[in-house]
Amino acid sequence: MDFDFTEEQEMLRNEMQRFCKKELTRQYVRWIDENCDFVPEELWNKIKEIGYFGVNVPEEYGGQGLGTVDAMIMNEELGTASVAVLLGIGATGLGSSVILNLGTPEQKEKYLPKLAEGELKFALGLTEPGGGTDILGAIQTKAVDEGDHWRLNGSKVFITCAHVADYITTVAITDPEAKRTKGLSVFLVPRPTEGLETRLIPKLGCHAAGCNEVVYEDVRIPKENLVGTLHNGWYELLDTLNPERIGTAMLSLGVAKAAFRDAFEYAQERHAFGGPIARFQSLQHYLADIAIEIENATNLIYKCAWLCDQGKPYHIEACMAKIVAARASEKAAIWGMEILGGWGYAMEYDMQRHFRDYKQMVFSPISDEMAKNMIMQFMGYPKSWS
Ligand SMILES: Cc1cc2nc3c(=O)[nH]c(=O)nc-3n(C[C@H](O)[C@H](O)[C@H](O)COP(=O)(O)OP(=O)(O)OC[C@H]3O[C@@H](n4cnc5c(N)ncnc54)[C@H](O)[C@@H]3O)c2cc1C
């Protein structure tokens, strides 16, 4: 058994650390949080220059063809510097896994080289106003076959980065008579398109990855924009969501590491009763507990990424990693605030941002409760939620 990263992976990490130190300074990250609903264009272009967007795209389509472990190394560094920026660029790249897994050769040829260059942005439109956990029960959006095109009507909520996306990967009912799992299909809906509207939903944290209500009113979609097999979109899409869970866990780990770093530094600088507060055992225990959670989450995430790269199943571990990392970020943000005392609550320090940012990953893309339901179902228990 070998826990070491390769020399190339260490170099990748060092390169990312240098990039984040230079381009994602504390002041700039604060400014982004206060002013942006998406990653600023100049930063996007710099991330483009380092080849980030092509990491997992195969070389034949202009990418670097690297593995999930490599992508996670980059994401760990980026997410610790700014989880909102990582979420913004991660959400817009979700399209690449959908097209890689489900796309026709023509679709791969058309979209993957541009995705690899950072020239295209995608959003994933799954959740509907009726609910996200029971998505199959809530889905109402319908696509009707009108001969040379599809006509789409319905709405989605909380769709990350739909306001900047070139395509919204949209799940819709195509066979209303069939059992829901057998009557859904996936479409690439170009934006802008007549009848398609997005509206930003103001939210607590992760501001550089704005989320949106999306309304489809008689939207015409070209026939060639169906991705995957007609009516089989649900099962096909599920397969692409496991890597998303590893990515979500990495977002949480980024918040946890940033909150730990800030609390660790502050405890050494702040003095009380004649010395730094870092000497108090109760505060050291807070920090030790956060460090333990971070270590647990890190190991699980990289184990998932490794299993993914080996082509081995990791659906149970991905749900576990999502939960463990979300809890690590929660502990780090809440106890980080305790360690900073009043300054933890002040907008002048970053701890309040970590506190606002961590919460999103607790219930999105799936809630911890649902992730636990799935773990037990994967372990052979009867499905507990229907
Ligand atoms: C900021 C943000 C960004 C998002 N980005 C996207 C995106 O890009 N694309 C997209 O498609 N969706 C996105 N979502 C939606 C997200 O996936 C849903 O919010 C999530 O699935 C939860 O759904 P819900 O909010 O409707 O909560 P609900 O489904 O209404 O759940 C409410 C509560 O009930 C619990 N619950 C429900 N069913 C069960 C059960 N069977 N057992 C135990 N507990 C249960 C849940 O755990 C939760 O605590 C985003 C959401 C947010 C807030």
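Participant: Explain the domain arrangement of the protein to me, using residue names and the numbers behind them.
Facilitator: Assigned domains of the protein: these are domain 1 (7-117), domain 2 (122-231) and domain 3 (235-378). When each unit is reduced to the centre of its C-alpha atoms, the spacing between domain 1 and domain 3 is 21 Å. The interface is formed by 22 residues belonging to domain 1 together with 30 residues belonging to domain 3. Across the domain 1 to domain 3 interface the summed buried area is about 2200 Å²; carbon plus sulfur atoms make up 60%. Connecting domain 1 to domain 3 are six salt bridges. The closest approach of N and O atoms between Arg 26 and Asp 262, which form a salt bridge, is 2.8 Å. For the pair domain 1 and domain 3, the interface holds ten residue pairs in polar contact (both at pLDDT 80 or more). Elements with a minimum of two residues in the side of domain 1 that touches domain 3: helix H2 (26-35), helix H4 (68-81), helix H5 (83-92) and helix H6 (94-102). Considered class by class, the residues forming the side of domain 1 that touches domain 3 number ten nonpolar, seven polar and five charged.

Participant: So what's going on with the nonpolar core? Which residues, and what values?
Facilitator: Residues Leu 24, Ile 32, Leu 43, Ile 47, Tyr 52, Leu 78 and Ile 89 are the most contacted members of the largest nonpolar core, which totals 39 residues. Elements represented by at least two residues in this core include exactly helix H1 (7-23), H2, helix H3 (41-49), H4, H5, helix H9 (233-269), helix H11 (315-340) and helix H13 (360-363). In terms of residue count, the dominant contributor to this core is H5 (seven residues). Excluding residues that lie within four positions of it along the chain, Ile 89 makes contacts with Val 39, Trp 44, Ile 47, Tyr 52, Phe 53 and Leu 78. Counting 36 residues, the second-largest nonpolar core is a separate cluster that includes Phe 260, Ala 278, Tyr 314 and Leu 340.

The rules behind the values
Residues numbered from 1 in each chain as written. Predicted model: local features only at pLDDT ≥ 70, side-chain atom pairs only at ≥ 80, totals over all residues. Heavy atoms only, no water. Domains from an automatic or database assignment. Contact = heavy atoms within 4.5 Å. Buried area = accessible area lost by both parts, 1.4 Å probe. Salt bridge = Lys/Arg side-chain N within 4 Å of Asp/Glu carboxyl O. Polar contact = N/O pair within 3.5 Å; in protein donor to acceptor, adjacent residues only side chain to side chain. Helix = DSSP H or I, 4+ residues; strand = E, 2+ residues; numbered from the N terminus. Nonpolar A, V, L, I, M, F, W, Y, C, P; charged D, E, K, R; others polar. Core = buried A, V, L, I, M, F, W, Y, C linked by side-chain atoms within 4.5 Å. Buried < 20%, exposed > 50% of the residue type's maximum accessible area, 1.4 Å probe, protein only.

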